[in-house]
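A structural walkthrough
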Amino acid sequence: MPYEDTVTTDSAFRRYEALRPRFPSATFPAGSQDCSGLVEIAEDFDAFILDSFGVLNVGERAIPGAADCLAELRRRGKRLIVLTNAASYTRPFALAKYHRLGFDFSLAEVVSSRDVATARLGDILGTGTWGAIAAPEDRFEDIPASVIHWTGQDVAGFLFLSSASLTSQQYDGLKRALVARPRPLVVANPDLVAPRETGLSKEPGFYAHRLADDLGVRPHFFGKPFGDAFHDAAVQLADVAPERIAMVGDTLHTDILGGRAFGARTVLVRDHGLFAGHDVGGYIAQSGIVPDFQCGSI
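Attention here is on the structure that accompanies the text.

**Regarding the layout of surface pockets**
Reported here for the second largest pocket is a volume of approximately 160 Å³. Around the second largest pocket, the lining residues are Arg22, Ala212, Val217, Arg218, Pro219, His220, Phe221 and Phe226. Looking at the lining of the second largest pocket residue by residue, the class counts come to five nonpolar, one polar and two charged.

Here is the structure:
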């Protein structure tokens, strides 16, 4: 079950559609306007909230032209926030990655679902140790709770950060543990898939929703499309009206649905993420999730 175990766009879309009752509700425009990129529509907005995977990068590779686009938006006085569902590394680590890829974000401009989730662990479980399903190299010094890498220990709750090294044995062990004693399951990356060099990887949300289906558990999801993530991103934009904010992403069910539920307008990026190589019009028609704008790249 590593990242190389990929899924297709069609199967990911069908699964997202099946999960709609668990997602926020939103209203959408009657149609979307095509544009060449964010610079063309810059004067319609004061701020841009940007997804990472499929918008700024694919895996460890920056998307050509993305850094130049953001530099021009800054020159025009636009404010930028990265809102990412990548939860397997700390915010300073994420910032270092963005700098390595050529982006000039500050620490305050990066909001990750990891931070959104871990800031709320105390509300879910007052005391006790969390067992983390995480990448082997992940460290937890940034998390305001007791967290260990879970390898079968008796823990008070589970924190799902990454599926990068998840094995079928670990997944089955997690399932058995939840059956034996129900306890909180916090999912800090609700994405079903993410675009990587090898294809669409199965992300923590993929497995957490399977657990919900099979066991009847109710995971605590943090990250897009859920409201806490947008609330935390908007803290940096408290003086900007939601309708003057553009949520920019590559997926309908996380970025576009979540952005509209928050009250922002939305921009779907087609060419590098979930819908790369596909005609997105059919997916929009089937789902009724309509972005305000569409572009190939930012």
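Still more ground to cover, so stick around.
**Some details on the packing of aromatic side chains**
Applying the stated criterion across every chain yields a total of 14 aromatic pairs. For the pair Phe23 and Phe226, a centre-to-centre distance of 6.2 Å together with 75° between the ring planes defines the contact as edge-to-face. Here Phe23 is found in the loop between helix 1 (9-18) and strand 2 (33-34), whereas its partner Phe226 is found in the loop between strand 14 (220-221) and helix 8 (227-234), with 203 residues between them in sequence. Both residues of the pair, Phe23 and Phe226, belong to the buried class. With a centroid separation of 5.0 Å and 40° between ring planes, the pair formed by Phe275 and Tyr283 is classed as tilted. A single burial state applies to Phe275 and to Tyr283, both of which are buried. A connected cluster of aromatic rings, assembled from ring pairs, spans Tyr16, Phe23, Phe221 and Phe226.

**Re the pattern of salt bridges**
Taken as a whole, this structure holds 26 salt bridges when the rule is applied. With a shortest N-O distance of 2.4 Å, Asp154 and Arg181 are connected by a salt bridge. Taken together, the residues span a long stretch of sequence, with Asp154 in the loop between strand 9 (146-149) and strand 10 (157-160) and Arg181 in the loop between helix 6 (168-180) and strand 11 (185-187) at a distance of 27 residues. We classify Asp154 as exposed; its relative accessible area is 66%. Arg181 sits in the partly exposed class, given a relative accessible area of 35%. Of the charged contacts, one joins Asp292 and Arg260 as a salt bridge, the two residues approaching to 3.2 Å between their closest N and O atoms. Residue Asp292 is located in the loop between helix 10 (280-287) and strand 17 (293-295), and its partner Arg260 is located in helix 9 (residues 252-262); the two are separated by 32 residues in the primary sequence. In this structure Asp292 comes out as buried when scored by relative accessible area, which is 12%.

**Re unusual backbone geometry**
Cis geometry is found at the peptide bond from Lys224 to Pro225, where omega equals 15°. Tracing the backbone through its elements, the reader meets Pro225 in the loop between strand 14 and helix 8.

**Examining the sheet that holds strand 7 (residues 110-112)**
Within the open sheet, the seven strands sit side by side as 2-17-16-15-3-6-7. Their pairing is parallel. Across the chains shown, the open sheet's two edge strands, defined by having one partner strand only, are strand 2 and strand 7. Pairing of strand 2 with strand 17 involves two bridges; the strand directions are parallel. Among the inter-strand pairings, Gln33 is bridged to a residue of strand 17, identified as Phe293. Where helix 9 meets the sheet, it contacts strand 15 (245-249) and strand 16 (265-269), and its direction lies at approximately 165° from that of strand 16.

**Details of the state of the cysteines**
Scanning all chains against the criterion turns up zero disulfides. Its sulfur unpaired, Cys35 is 4.6 Å from the next cysteine sulfur, which belongs to Cys295. With relative accessibility at 5%, the residue Cys35 sits in the buried group.

**Some details on the pairing of strand 6 (residues 79-84)**
In terms of burial, strand 6 is a largely internal element, five of the six residues being buried. Relative to strand 6, strand 3 (residues 47-50) runs parallel, the two sharing four bridges. Bridge pairing in strand 6 places Ile49 opposite Ile81. Bridge analysis of strand 6 against strand 7 gives three bridges, and the strand direction is parallel. Bridging from a neighbouring strand, Leu83 pairs with Val111 of strand 7. On the question of chirality, the crossover connecting strand 6 to the parallel strand 7 by way of helix 3 (residues 91-100) is right-handed.

Parameters and conventions
- Residues numbered from 1 in each chain as written.
- Predicted model: local features only at pLDDT ≥ 70, side-chain atom pairs only at ≥ 80, totals over all residues.
- Heavy atoms only, no water.
- 1 Å grid on protein atoms, 1.4 Å probe; cavity = no way out; pocket = protein on both sides within 12 Å on 5 of 7 lines; lining within 4 Å.
- Points joined across faces, edges and corners; volume = space filled by probe spheres on them.
- Nonpolar A, V, L, I, M, F, W, Y, C, P; charged D, E, K, R; others polar.
- Phe/Tyr/Trp six-rings, centres within 6.5 Å; stacked < 30°, edge-to-face > 60°.
- Helix = DSSP H or I, 4+ residues; strand = E, 2+ residues; numbered from the N terminus.
- Buried < 20%, exposed > 50% of the residue type's maximum accessible area, 1.4 Å probe, protein only.
- Salt bridge = Lys/Arg side-chain N within 4 Å of Asp/Glu carboxyl O.
- Pairing = 2+ DSSP bridges.
- Contact = heavy atoms within 4.5 Å.
- Axes fitted to C-alpha atoms, helices over the stretch in contact; angles between N-to-C directions.
- Disulfide = S-S within 2.5 Å.
- Right-handed = clockwise from strand over helix to strand, strands pointing away.

Without other data, these values stay purely geometric and don't point to any function.
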